[in-house]
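# Coordinate analysis (summary)
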Amino acid sequence: MTDFSFLADDSLVDALLMEVAGLLRGLIDRDEGGSIDLRGLPLSPSCIETLDRCLGQGEISVVLDAAGRSEIRETSLPGVWWTKHADGAGRVVALLIEVAVTPGILRADVEDMKRGLDRLPTLVKVAR
Amino acid sequence: MDPTATLGEVLGRRGFGRRSLLKFAIAMTSSLALPPALAPVMAANLAKAKRRSVIWLSFQECTGCLETLLRSSSPSIEALIFDFISLDYQESLMAAAGADAERTLREAVSANKGEYLLAIDGSIPVKDGGVYSMTGGRSNLGMLTEIAADAKAVLAIGTCAAYGGIPKAYPNPTGAAGVEDLISGKPIVNIPGCPPLPEVLSGVLVHFISFGRLPELDELRRPLAYFGTTIHDQCYRRPFYDQGKFAKSFDDDGARQGWCLFELGCKGPVTHNACASLKWNGGTSFPIQSGHGCIGCSEPDFWDAGSFYTSLAGGSSAGWRNTGIALGVGVAGGLAAALSGRRKST
């Protein structure tokens, strides 16, 4: 892997932290969060590492197994989530900073719940 | 597969829940540079959508475009795209041949009249009645004109289909032309590149299926999400350009330190594409990261635009001379363009 550490792009980290602050203020004041798509920005790996380090680790870490592994963890700022989605081959397909009370992908879907309920009798039979 | 089933039903039967579809939508909105807030809308629309028929015709081409697009399909998340489309005709992939293939094409057109997407790779030779590329005794131009007439939209895949590409290079012995030179009155999307990035085709298809319309295009009919900025603006070597640090040869100290390849002929400053951000081979690398300058393959007439190894500042070719590129452009301008082109927040 190429070492990009020589790039001096701290200014981008500063700008993104300011944007996170703005989104978090919006979530607190107006219940309006938002997301920053880090893969859509010209960020070097070292810049992303710096950003990750600045935001820190919070209380919650979730691993989601849906069409590949996703890691969703709260940063040290409650309501600010570091979200990494990978596909079945482990390739990262989305890297986001989400500012939300709870990331939407964690909520259970009604149709999925119905399908689960339909499966319940079979599960009971198997369990016995 | 039941053609009346919605994609949500099909995926549900296969054990894919809403989260998988939402995750796919998150990846696609990221790829399409759409606001992340649109991901739940896209997922909901995809769940309700039915498979879209795609008819793919290959003309004067090398099959490189099809090869690269096929390589994208597995095992990446884009594999899901094959649940979203019905590839009803593709000569290189389908089992049918000869009269069976011709019947398959007629049936696909008839069954999906006015609704299918027509994908084209390769240029269309028009000189001497189009005799330089024929399929089943029919010229490429004749097939394109006939099949495009009932298409919902036409996707010109690769630089050859978009602008004529290498077959059109001087002296263009076959009179090669791109789709947009020959078809009018139909929505046309150009997905240039030699070959094109597979993620761009996935993104265009998913956008069309999700929202019922094509994504926003630039003046050359390319999806803005992928072609809105130059390679240069997204390039990780861009800070060296701004600092005036250039490799002078492919094996000098500057090259070894990863300095800018502008003086070695890199066409990144005038080439619109997403190679520097999406990269190739599953996000592994792209030509500049491998030490070679961009050759500008997603721009019209790139093959005739001068040497790949002559810099934009000093090139003698008219094609590259009038680009308005000057050394010393500040980092703020470049980064601002990149940020405004790609950043999304809601």
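Residues numbered from 1 in each chain as written. Chains lettered and ligands numbered in written order. Predicted model: local features only at pLDDT ≥ 70, side-chain atom pairs only at ≥ 80, totals over all residues. Heavy atoms only, no water.

This part is about the overall build of chain A. A count of helices and strands for chain A gives three helices and five strands. Listing the helices and strands of chain A from first to last along the sequence gives α-β-α-β-β-β-β-α. Since a compact globule built from 128 residues should have a radius of gyration of about 14 Å, the 18 Å found for chain A marks it as more spread out than a globular shape. Judged by the C-alpha coordinates and their principal axes, chain A covers about 60 × 40 × 25 Å. (Helix = DSSP H or I, 4+ residues; strand = E, 2+ residues; numbered from the N terminus. Rg over C-alpha atoms; globule rule 2.2 N^0.38 Å.)

Now for the environment of G22 of chain A. Residues and elements named next belong to chain A. On the secondary structure map, G22 appears in helix α1 (residues 10-30). Assessed through its relative accessible area of 41%, G22 is described here as partly exposed. With 58 residues separating them in the primary sequence, G22 and V80 have C-alpha atoms 11 Å apart. (Buried < 20%, exposed > 50% of the residue type's maximum accessible area, 1.4 Å probe, protein only.)

Strand-to-strand pairing in sheets goes through backbone hydrogen bonds, with the strands running parallel or antiparallel. Read from one edge of the open sheet, five strands run β1-β5-β4-β3-β2 (chain A), paired in antiparallel fashion. The open sheet has two free edges, formed respectively by β1 (34-37) and β2 (61-65) of chain A, since each of these has just one partner strand. Each strand of the sheet is rotated relative to its neighbour by a mean of 20°, with strand direction disregarded. Pairing of β2 of chain A with strand β3 (residues 69-74) of chain A involves five bridges; the strand directions are antiparallel. The residue bridging D65 of chain A from the neighbouring strand is R69 of chain A, located in β3 of chain A. Taken strand by strand, α1 of chain A contacts β1, β4 (80-86) and β5 (92-99) of chain A, and its axis lies near 160° from that of β1 of chain A. Each of β1, β2, β3, β4 and β5 of chain A is contacted by helix α2 (residues 18-31) of chain B, which is oriented at about 90° to β5 of chain A, the strand it contacts most. (Pairing = 2+ DSSP bridges. Axes fitted to C-alpha atoms, helices over the stretch in contact; angles between N-to-C directions. Contact = heavy atoms within 4.5 Å.)

All names here are of chain B. Considered domain by domain, chain B is made up of domain 1 (7-226) and domain 2 (231-304). Taken together, the 18 residues of domain 1 in the interface contact 15 residues of domain 2. Of the roughly 1400 Å² buried between domain 1 and domain 2, counting both surfaces, carbon and sulfur atoms make up 66%. Area buried by domain 1 at its contact with domain 2 is led by L197, R222 and Y226, which between them contribute 35% of it. In this structure, R222 and E299 form a salt bridge, with 3.1 Å as the shortest nitrogen-oxygen distance. Where domain 1 packs against domain 2, one counts five residue pairs in polar contact (both at pLDDT 80 or more). Listing elements by their share of the side of domain 1 that touches domain 2, those giving two or more residues are α8 (159-163) and α9 (198-211). Within the side of domain 1 that touches domain 2, the residues separate by chemical class into 12 nonpolar, three polar and three charged. (Domains from an automatic or database assignment. Buried area = accessible area lost by both parts, 1.4 Å probe. Salt bridge = Lys/Arg side-chain N within 4 Å of Asp/Glu carboxyl O. Polar contact = N/O pair within 3.5 Å; in protein donor to acceptor, adjacent residues only side chain to side chain. Nonpolar A, V, L, I, M, F, W, Y, C, P; charged D, E, K, R; others polar.)

Residue and element names in this part refer to chain B. The parallel open sheet is built from five strands, whose spatial order is β2-β1-β3-β7-β9. The sheet terminates laterally at β2 (85-90) and β9 (188-191), the two strands that pair on one side only. On average, adjacent strands in this sheet sit at an angle of 20° to one another, irrespective of strand direction. Here five bridges tie strand β1 (residues 52-58) to β2, and the two strands are oriented parallel to one another. Each residue of the ladder has a partner; that of S53, found in β2, is S86. Along the sheet face, helix α7 (residues 140-149) touches β1, β3 (117-121) and β7 (153-157) and points at about 160° away from the line of β3.

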